[in-house]
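Overview (structure and organization)
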Amino acid sequence: MAGIREKQIATLRQMLNLNQPISKSTVNEPTWKILIYDRFGQDIISPLISVRELRELGVTLHVQLHSDRDPIPDVPAVYFCMPSEENLGRIGQDLQNGLYDTYHLNFISPISRQRLEDLAAAALHANCVTSVHKVFDQYLNFISLEDDMFILKHQNSDAISYYSINKGEMKDTDMDAIMDNIVDSLFCVFATLGAVPIIRSPRGNAAEMVAEKLDKKLRENLRDTRNSLFIMEAGQASHYSFQRPLLIVLDRNVDMATPLHHTWTYQALAHDVLDLSLNRVVVEENAGRSPSGGTKVKTRACDLDATDKFWIGHKGSPFPTVVEAIQVELEEYKSSEEEVKKLKASMGLDNDSDAAIMMSDNTAKLTSAVNTLPQLLEKKRLIDMHTTIATAILNHIKARKLDTFFEVEEKVMGKVALDKGIMEIITDNDSSTPEDKMRLFIIYYICSLNMSEVELDRFSSALQNAGCDLAPLAYIRRWKQYTRVTTNATSQYMGSGTKTVFSKLVSQGSAFVMEGVKNLVVKKHNLPVTRIVDELMELKSSPETEDYRHFDPKQLRQVDGAQQPRSRAPFHDAIVFVVGGGNYIEYQNLVDYAKSKGVQGSKRVIYGATSLNNAKQFLKQLSLLGQEIH
């Protein structure tokens, strides 16, 4: 199965080639053009195609649709935006003002018949019908962040957030609009993958609504043989030609502890403490002293993408391992640099004498050394960048004692005895922020089998004294009363825990001062979402999933219920989609699960969510919900 990222990039590249397949000649001599996008289009393109790659595809200028733009008469313009009324109005203005030579209009989501007619009327009115070369529905209304991870929205993600779906004052029409919004994007995911999934979902929540609506939408498209997006499945061997993928739609309520959990792996920590967003993280760096005597701080934007080998190799590693690896890379770089310097010195090149080159056997060696210089410089840039990111994370870990919080939460979720009581951590004045304490307590409360009201009130007043906002807890109390999960919430988190290992980390001369930070190794365990995925992919029977609904959009009649064909083989490919927000902890847990399933590539799991929330963002949503209760 080609990754979702790869497929989305291929579609975008073809779009930027004026919707023509890319051939060798186009790579050598692209058509020069300008790209005009809205904020949604920018969010989709920016994690996938760099400015350099845009230039290679012939894009000389890329601008916002709603910015002031001057006419560029002899150039084709590629538009990539949502088919909203506001955007179509602006496109109409551009046509009226004759800004460009030709217009290639690409809509992220399908444009409605009515709006297409309005657009045609605007082109007629501007007398430039012949200039509008193409109008395309691209079905790209989602954002690929990894080959095996996507989210639906970054801009306006509040509209489909956990808060929006679970808030008290919710009209049916509003809920329907949110579900349609989610289904529209999920449909785009499968149109891009070129596959019709078999859908499973629990009953009685937002996930079931999404599954029902998506099943209906896929059915309608399959029936419309003239316009079906999935006909190619029969005509050409799709990646899924032997077996269709399984789509598992889950509700965030299935596991409320993990989104608040302190974490220990590189990518998840960058998201938790540095707000990693669309594969970019902005870090504050110390830039020396300011004239007034204070410390100057500058910000540095770091792009973390698939071309960065260090990131790909270590984003799922425990933080101390990452620090060690950066140190090793730095040593390697220094020794390579030394070699180049020695070569130059032995050839008398320090004093710019070219004569030595002509005579020496070392010429070949030097040539090869010079040829590796660009790679060396790139390596140095990446080492510097990861040193900056890791230092920023390390400062947070030390200031907020995040290693301790992580360790205690792992023990709580794994039913391991604690060395230090939760009350003691909450009342400890020097440890961490009120937010960290609230996260820890909510996890403890979710995992407690039967906490009495008296005990809960005692903890609540301790949390209040520690400066915590109690609104999130008010919501979780109600959530726990209403959720069936209470029956098995406490047994959900099995076999987790950590062990501390002694490492060679605090070696002298290290760029990182790791003293006082525990070198924790996470024991492998499956989180609730991963366990559900395993049960459904492997067709295991379990009380948790036996009641799940089963939809097959290819069947003529919808046969409802959990009754599914018994003779099925286990699934190789699954897409897990969490309605109400996902996180990097769950993503990493699924990546580890897929890796553990035998031969490389024998199980492939893609993780998707309405949006990605770190614990701070999720806690804020719980706080808003809690405020509604009072």
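Procedures and definitions
Residues numbered from 1 in each chain as written. Predicted model: local features only at pLDDT ≥ 70, side-chain atom pairs only at ≥ 80, totals over all residues. Heavy atoms only, no water. Helix = DSSP H or I, 4+ residues; strand = E, 2+ residues; numbered from the N terminus. Buried < 20%, exposed > 50% of the residue type's maximum accessible area, 1.4 Å probe, protein only. Contact = heavy atoms within 4.5 Å. Areas by Shrake-Rupley, 256 points an atom, 1.4 Å probe, with all protein chains shown as cover. Salt bridge = Lys/Arg side-chain N within 4 Å of Asp/Glu carboxyl O. Core = buried A, V, L, I, M, F, W, Y, C linked by side-chain atoms within 4.5 Å. Expected span 1.5 Å × (residues − 1). Axes fitted to C-alpha atoms, helices over the stretch in contact; angles between N-to-C directions. Parallel < 35°, antiparallel > 145°, perpendicular 65-115°, else oblique. Nonpolar A, V, L, I, M, F, W, Y, C, P; charged D, E, K, R; others polar. Pairing = 2+ DSSP bridges. 1 Å grid on protein atoms, 1.4 Å probe; cavity = no way out; pocket = protein on both sides within 12 Å on 5 of 7 lines; lining within 4 Å. Points joined across faces, edges and corners; volume = space filled by probe spheres on them. Phe/Tyr/Trp six-rings, centres within 6.5 Å; stacked < 30°, edge-to-face > 60°. Left-handed = near helix turned anticlockwise from the far one by under 90°.

We now examine the overall build of the chain. Within the chain one finds 24 helices and 16 strands. Every one of the 630 residues in the chain was classed for burial, and the buried ones make up 52%. Restricting to contacts in the chain with at least 6 residues of sequence separation, those with at least 24 account for 78%. Approximately 29,700 Å² of the chain is accessible, and the part contributed by carbon and sulfur atoms is 51%.

As a further point, take the pattern of salt bridges. Inspection of every chain in the model, using the stated rule, returns 33 salt bridges. E146 is the salt-bridge partner of K315, the closest N and O atoms lying 2.5 Å from each other. Of this pair, K315 sits in the loop between α12 (309-314) and α13 (319-346) while E146 sits in strand β6 (residues 143-146), placing them 169 residues apart in sequence. No difference in accessibility class separates K315 from E146, as the two residues are buried. The salt bridge involving R439 is made with D272; its shortest N-O contact spans 2.9 Å. Within this pair, whereas R439 is found in helix α19 (residues 434-447), its partner D272 is found in helix α11 (residues 266-274), the two being separated by 167 residues in sequence. For the pair R439 and D272, one class covers both residues: buried. Here the salt bridges do not stand alone but share partners, grouping D534, E538, K540, K597 and K603 into one network.

Right, let's get into the nonpolar core. In this structure, F80, I389 and I393 are the most contacted members of the largest nonpolar core, which totals 88 residues. With ten residues, the single largest contributor to this core is helix α16 (residues 373-400). If we ignore the near neighbours within four places in the chain, the residues touching F80 are L12, M15, L35, I36, Y37, D38, G41, I44, I45, N106, I108 and L140. Core analysis: the second largest hydrophobic core is formed by 35 residues, L186, V189, L214 and I606 among them.

Moving on: helix α9 (residues 206-223). An α-helical turn contains 3.6 residues, so a residue and the one three or four places further along point in the same direction. When the terminal C-alpha atoms of α9 are compared, their 26 Å separation across 18 residues agrees well with the 26 Å that a helix rising 1.5 Å per residue should span. When α9 is considered as a whole, its buried residues turn out to be A206, A207, E208, V210, A211, L214, D215, L218, R219 and N221. Close packing links the buried residues of α9 with α7 (162-166), α8 (172-193), β8 (198-201), β9 (246-251), β14 (549-551) and β15 (573-579).

Moving on, we get to the packing of α19 against helix α24 (residues 615-629). Interhelical geometry of α19 versus α24 gives an angle of 75° and a closest axis separation of 11 Å. The orientation of α19 relative to α24 falls into the category roughly perpendicular. Where α19 approaches α24, its residues E435, M438, R439 and I442 are matched on the opposing element by A615, K616 and L619. Partitioned by chemical class, the residues of the contact of α19 with α24 number four nonpolar, no polar and three charged.

This next bit is on the sheet that holds strand β4 (residues 100-107). Taking strand neighbours across the sheet as the criterion, the five strands line up as β2-β1-β3-β4-β5 in an open arrangement whose pairing is parallel. Because the sheet does not close on itself, it has two edges, and the strands there are β2 (59-64) and β5 (132-137). Averaged over all neighbouring strand pairs, the angle between strand axes comes to 20°, with direction disregarded. Pairing of β4 with β5, which is carried by five bridges, proceeds in the parallel orientation. Looking at β5, one finds that H104 is bridged to K134.

A separate point is the sheet that holds strand β16 (residues 604-609). With mixed pairing, the seven strands of this open sheet are ordered in space as β6-β7-β16-β15-β9-β8-β14. A strand with exactly one partner marks an edge of an open sheet, and here the two such strands are β6 and β14. Taking each pair of neighbouring strands and ignoring which way they run, the sheet shows an average axis angle of 20°. Where β9 meets β15, six bridges bridge the pair, whose relative direction is parallel. Within the sheet, the bridge partner assigned to D251 lies in β15 and is V579. Docked against the sheet, α8 engages β7 (149-151), β9 and β15, running at close to 165° with respect to β15. Contacts from helix α22 (residues 528-537) reach β8, β9, β15 and β16, with the element oriented near 145° to β9.

Attention now goes to the environment of P73. Tracing the backbone through its elements, the reader meets P73 in strand β3 (residues 72-81). Taking relative accessible area as the criterion, P73 reaches 52% and is therefore assigned exposed. Residues P73 and D101 lie 28 residues apart in sequence; the distance between their C-alpha atoms is 5.1 Å. Every residue in contact with P73, bar those within four places of it in the chain, is listed here: L99, Y100 and D101.

This paragraph deals with empty space enclosed by the protein. For the structure shown, the criterion picks out two cavities of 30 Å³ or more. Here the largest cavity defines a volume of roughly 80 Å³. Lining the largest cavity we find P259, H261, T263, A268, H271, D272, N583, Y584, I585, N613, N614 and A615. The element best represented in the lining of the largest cavity is α11, accounting for three residues.

Among the secondary structure elements, S201 is positioned in strand β8. Residue contacts for S201: discarding those within four places in its chain leaves A207, E208, A211, V249, Y548, R549 and F551.

If a probe as big as a water molecule is rolled over the atoms, it shows which places are left empty. If you add up the space inside the largest pocket, you get close to 910 Å³. Lining the largest pocket are 33 residues, and of these S46, I49, S50, D303 and D305 sit closest to its centre. Here the lining of the largest pocket is composed, by residue class, of 16 nonpolar, seven polar and ten charged.

We now examine the packing of aromatic side chains. Throughout the structure, instances matching the rule amount to 16 aromatic pairs. Consider the rings of W264 and F406, whose centres lie 5.8 Å apart with planes at 10°: the pair is stacked. Here the residue W264 occupies a position in the loop between β9 and α11, and F406 occupies one in helix α17 (residues 402-413), the gap between them amounting to 142 residues. For W264, a relative accessible area of 1% puts it in the buried group.

We now examine α16. Over its 28 residues, α16 runs 40 Å from end to end, which matches the ideal 40 Å to within 8%, given 1.5 Å per residue. Once α16 ends, the next one or two residues include K401, with phi positive near 50°.

Taken N-terminus to C-terminus, the directions of α11 and α16 make an angle of 65°; their axes are 10 Å apart at the nearest point. The orientation of α11 relative to α16 falls into the category roughly perpendicular. Helix-helix and strand crossings are classified by hand; for α11 and α16 the assignment is left-handed. Contacts from Y266, L269, A270, V273 and L274 of α11 reach α16 at H386, I389, A390, A392, I393, H396, I397 and R400. Partitioned by chemical class, the residues of the contact of α11 with α16 number ten nonpolar, two polar and one charged.

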